Amino acid sequence: QVQLVESGGGLVQPGGSLRLSCAASRRGFSNNAMGWYRQAPGKQRELVATITSVTSGGITNYADSVKGRFTISRDNAKNTVYLQMNSLKPEDTAVYYCNAALTGVYDYWGQGTQVTVSS
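In this text the structure is predicted, and so the values were computed from the model without any measurement. (Residues numbered from 1 in each chain as written. Predicted model: local features only at pLDDT ≥ 70, side-chain atom pairs only at ≥ 80, totals over all residues. Heavy atoms only, no water.)

Enquirer: Would you explain the sheet that holds strand E7 (residues 70-75) in this entry?
Expert: The pairing of strands in a sheet comes from backbone hydrogen bonds and takes either a parallel or an antiparallel form. With respect to topology, four strands assemble into an open sheet ordered E1-E3-E8-E7, the strand pairing being antiparallel. The strands lining the two open edges of the sheet, one partner per strand, are strand E1 (4-7) and E7. Neighbour-to-neighbour, the strand axes of this sheet turn through a mean angle of 15°, independent of strand direction. Of the pairings in the sheet, the one linking strand E3 (residues 18-24) to strand E8 (residues 80-85) comprises six bridges and is antiparallel in character. Looking at the pairing, leucine 18 lines up with methionine 85 of E8. (Pairing = 2+ DSSP bridges. Helix = DSSP H or I, 4+ residues; strand = E, 2+ residues; numbered from the N terminus. Axes fitted to C-alpha atoms, helices over the stretch in contact; angles between N-to-C directions.)

Dropping the structure here:
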């Protein structure tokens, strides 16, 4: 079992920035394919960004709604994946979840961190 622990959420004004962190409990685990998802009140959970494994080149992918504003990255030494969020909008308000999944093998989720964008 692997624990994913998110941090970095909070209240920010429109146009502001936040950086979310996702720390994996097993050393080296963040080198696997990872992703960030979010769920707003009354809505389904949606994909925000993904990054492929280190051995697959660390290719990133983003939802259209966050392209050019959000950046997913990893720090292998800290076993952590990040989501840098810039130019935040009220519609980015949601609980953000970190995920690590390999089809048919494992599917781990963090507990979520609240991001609120409001003036």
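Enquirer: Mind showing me how you'd approach the packing of aromatic side chains here?
Expert: For any two aromatic rings, the description comes down to two numbers: the centre-to-centre distance and the angle of the planes. The full count for this structure, using the stated rule, is five aromatic pairs. The rings of Phe29, Tyr106 and Tyr108 are connected pair by pair, giving a single aromatic cluster. In this structure, arginine 45 packs its charged tip against the face of tyrosine 97, placed 3.8 Å from the ring centre. (Phe/Tyr/Trp six-rings, centres within 6.5 Å; stacked < 30°, edge-to-face > 60°. Lys NZ or Arg CZ within 6 Å of the ring centre and 35° of its normal.)

Enquirer: Just checking my understanding: could you explain the environment of methionine 85 for this structure?
Expert: Structurally, methionine 85 is set in strand E8. Put simply, methionine 85 and leucine 20 are 65 residues apart on the chain and 7.9 Å apart in space, counted from C-alpha to C-alpha. Not counting residues up to four positions away in its chain, the partners in contact with methionine 85 are Gly16, Ser17, Leu18, Leu20, Arg69, Phe70, Tyr96 and Val115. (Contact = heavy atoms within 4.5 Å.)

Enquirer: Where do I start with the environment of serine 17 in this structure?
Expert: Assignment of secondary structure puts serine 17 in the loop between strand E2 (10-12) and E3. For the pair formed by serine 17 and leucine 88, sequence separation is 71 residues and the distance between their alpha carbons is 6.2 Å. Leave out the neighbours within four places in its chain, and serine 17 touches Val12, Gln84, Met85, Asn86, Ser87 and Leu88. There is a polar contact of 2.9 Å between the side chain of serine 17 and the side chain of asparagine 86. (Polar contact = N/O pair within 3.5 Å; in protein donor to acceptor, adjacent residues only side chain to side chain.)

Enquirer: Where do I start with the pattern of salt bridges in this structure?
Expert: Where charged atoms from two side chains of opposite charge come close, those side chains can pair. For the coordinates displayed, the defined rule picks out four salt bridges. Arginine 38 is the partner of glutamate 46 in a salt bridge, and the nearest nitrogen-oxygen pair spans 2.6 Å. Residue glutamate 46 is classed as partly exposed on the basis of its relative accessible area, which comes to 37%. With a shortest N-O distance of 2.9 Å, arginine 38 and aspartate 92 are connected by a salt bridge. A residue pair is termed long-range when its members are at least 10 positions apart, and arginine 38 in strand E4 (residues 34-39) and aspartate 92 in the loop between E8 and strand E9 (94-102) qualify at 54 residues. Through salt bridges with shared partners, a single network forms among Arg38, Glu46, Arg69 and Asp92. (Salt bridge = Lys/Arg side-chain N within 4 Å of Asp/Glu carboxyl O. Buried < 20%, exposed > 50% of the residue type's maximum accessible area, 1.4 Å probe, protein only.)

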